[in-house]
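An overview of the molecular structure
Take a look at the letters that make up each chain.
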Amino acid sequence: MSDNKVVVIGGGYAGALAANRLRMRADVDVTLVNPRPEFVERVRLHQFAAGTGQVIVNYGTLLGEGVRLVVDSAVRIDIVARTVLLASGRTLDYDYLIYAVGSTATIPPSVPGAAEFAYGVAEFESARRLRARLEELPPDAPVTVVGGGLTGIETAAELAEQGRAVTLVCGRSLAPSFSPSGRRAVARWLSRHGVAVLEDVMVGEVRPDALVFAGGAAQTSALTVWAGGFGVPGLAAASGLQTDGLGRLLTDETLTSVDDDRIVAAGDAAAPSGRPLRMSCYAAGPLGAQAADTVLSRIAGTEPAVINLAFSGACVSLGRRMAVRQIARKDDTAMNAYVGGRMGAVIKEFTCKFAVTRIRREAGRPGSAMWLKGGPRLEQSAPSIRGS
Ligand SMILES: Cc1cc2nc3c(=O)[nH]c(=O)nc-3n(C[C@H](O)[C@H](O)[C@H](O)COP(=O)(O)OP(=O)(O)OC[C@H]3O[C@@H](n4cnc5c(N)ncnc54)[C@H](O)[C@@H]3O)c2cc1C
């Protein structure tokens, strides 16, 4: 048995890639903990909810030889004993731990009725509930999607393409992270497909069959989908580890926890230097690779590298045949340029497939994952917050 026991918590884009990459060293013993026995392609959950796509991938086709999958949930990390307590009551020992628990569908408790009556789309279980409810509803029943960001737009568009009567309540604006031209392209598609887009409108209350806006007006809504932003699991905070305001694990630029050299974070649940990258599968894969490299450096007694990732844009699907790919600078700020139409959809489909293919390739050839490097974090003085 090796002395280099690594437990990876979370088998998403970051955790699965990290688990495979750790096998660059033959003497590392890798255990991956995930609550489901299958990988979920979260980037397709809006398709799954609308009945236009599948999200389940068999881990048997994704994980490299030697990666042990434990189907369970971590409920507490004990950094002194170096153990992870699982929901089943079992504990796992580790020498190093990769924290890759991702993000969650969040419905704010501050909006009356939202937690009871709105449906989430950002997790498999909530998307499955949403799909079941949609199947019960007549096709012309009014549906409201709350959230003008990319997840809300993708969900509204997917449902509108199915012929649903959709209202998209944006809160502030539609696609705020996009450039004016990218935003206009999204708005045009939504308008052509009959989606009523409400900007600068906040939801004050959700009822089983209606929405009440902050101004007091009500609108019939047979089904309300909440896509107003992601939260993160509370495991780090519950384990006494330092987190940012949302609950992401605070790390330095090597992704090492500020509390403990043995814990390294990746993906949506990581907050390097308190300046997290955009939650995305685009960043999760490279961060998973980086987390594995940091652990391997520590095992080898070498200095781990700092994050090296450049963004290139973000893509929003508009049903199955169109998408808008916003072009961005390396720091993820939008340029006034986009690729739309069918070419946008081809790019979007490629990136969704690539995120899974990259994990599978890493299973066959540990260390092979590639990504766009040279992001601004390297150039800026990105001070380590370790020890602060
Ligand atoms: C509808 C939708 C569309 C999206 N589209 C895009 C897109 O086009 N491009 C893009 O870049 N991003 C997109 N995203 C965001 C992207 O899916 C996430 O940013 C990405 O999944 C993050 O990867 P991750 O590995 O950090 O987390 P995840 O993929 O969420 O994986 C985390 C895993 O950890 C597990 N886990 C959680 N808690 C525990 C625990 N206590 N114990 C054990 N396991 C645990 C979870 O169940 C999950 O399996 C989209 C998201 C949604 C919902």
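Residues numbered from 1 in each chain as written. Predicted model: local features only at pLDDT ≥ 70, side-chain atom pairs only at ≥ 80, totals over all residues. Heavy atoms only, no water.

Note: α-helices contain 3.6 residues per turn, so residues at a spacing of three or four share the same orientation. Under the 1.5 Å per step criterion, the end-to-end length of helix α8 (residues 281-300) is 28 Å for 20 residues, consistent within 8% with the ideal 28 Å. The element α8 is extensively covered by neighbouring structure, given that 16 of its 20 residues are classed as buried. Looking one or two places after α8, you find glycine 301, whose phi comes out positive at around 80 degrees. (Helix = DSSP H or I, 4+ residues; strand = E, 2+ residues; numbered from the N terminus. Expected span 1.5 Å × (residues − 1). Buried < 20%, exposed > 50% of the residue type's maximum accessible area, 1.4 Å probe, protein only.)

What follows is about the environment of threonine 294. Relative to the assigned elements, threonine 294 resides in helix α8. You can call threonine 294 buried: its relative accessible area is 1%. When the C-alpha atoms of threonine 294 and valine 306 are compared, they prove to be 8.6 Å apart, with 12 residues separating the residues in sequence.

Another aspect to go through is the sheet that holds strand β18 (residues 223-226). Pairing between the strands of a sheet comes from backbone hydrogen bonds, and it takes one of two forms, parallel or antiparallel. Spatial strand order, β11-β18-β12-β13-β14: five strands in an open sheet with parallel pairing. The open sheet has two edge strands with one neighbour each: β11 (119-120) and β14 (196-198). Here five bridges tie strand β12 (residues 142-146) to strand β13 (residues 165-169), and the two strands are oriented parallel to one another. Bridging from a neighbouring strand, threonine 144 pairs with threonine 167 of β13. Here helix α5 (residues 150-161) sits on the sheet and contacts β12, β13 and β18; the angle it forms with β13, its principal contact strand, is near 170 degrees. (Pairing = 2+ DSSP bridges. Contact = heavy atoms within 4.5 Å. Axes fitted to C-alpha atoms, helices over the stretch in contact; angles between N-to-C directions.)

All right, on to the nonpolar core then. Ranked by internal contacts, the top residues of the largest apolar core, which has 43 residues, are Val6, Val8, Tyr13, Leu22, Phe39, Ile98 and Val295. Mapped onto this core, the elements with two or more residues apiece are β1 (4-9), α1 (13-21), β2 (28-34), β9 (96-99), α8 and α9 (341-364). At 10 residues, the largest contribution of residues to this core is made by α8. With sequence-adjacent residues up to four places away left out, valine 295 is seen in contact with Val6, Leu22, Tyr96, Ile98 and Val264. Ranked by size, the runner-up nonpolar core spans 33 residues in total, among them Ala156, Ala157, Trp189 and Val324. (Core = buried A, V, L, I, M, F, W, Y, C linked by side-chain atoms within 4.5 Å.)

A word on the site of the ligand. Taken together, 34 residues lie around the ligand, and Ala14, Asn34, Arg42, Asp268 and Lys348 are the ones closest in. Interatomic distance of 3.0 Å between a backbone N/O atom of tyrosine 282 and an oxygen atom of the ligand. Protein chains bury 90% of the 1000 Å² of accessible surface belonging to the ligand in isolation. Secondary-structure elements contributing two or more residues to the shell around the ligand are α1, β2, α5 and α8. Considering each element in turn, the shell around the ligand owes the most residues, three residues, to α8. (Near = heavy atom within 4 Å. Polar contact = N/O pair within 3.5 Å; in protein donor to acceptor, adjacent residues only side chain to side chain. Areas by Shrake-Rupley, 256 points an atom, 1.4 Å probe, with all protein chains shown as cover.)

Turning next to the environment of tyrosine 59. Tracing the backbone through its elements, the reader meets tyrosine 59 in the loop between β4 (56-58) and β5 (68-71). On the basis of relative accessible area, tyrosine 59 is assigned to the buried category, the value being 3%. Through-space distance from the C-alpha of tyrosine 59 to that of phenylalanine 124 is 16 Å; in sequence the pair is 65 residues apart. Ignoring sequence-local partners within four residues, the contact set of tyrosine 59 consists of Gly11, Leu32, Asn34, Arg36, Pro37, Glu38, Phe39 and Leu69. Here the side chain of tyrosine 59 touches asparagine 34 through a polar contact of 3.2 Å, side chain to side chain.

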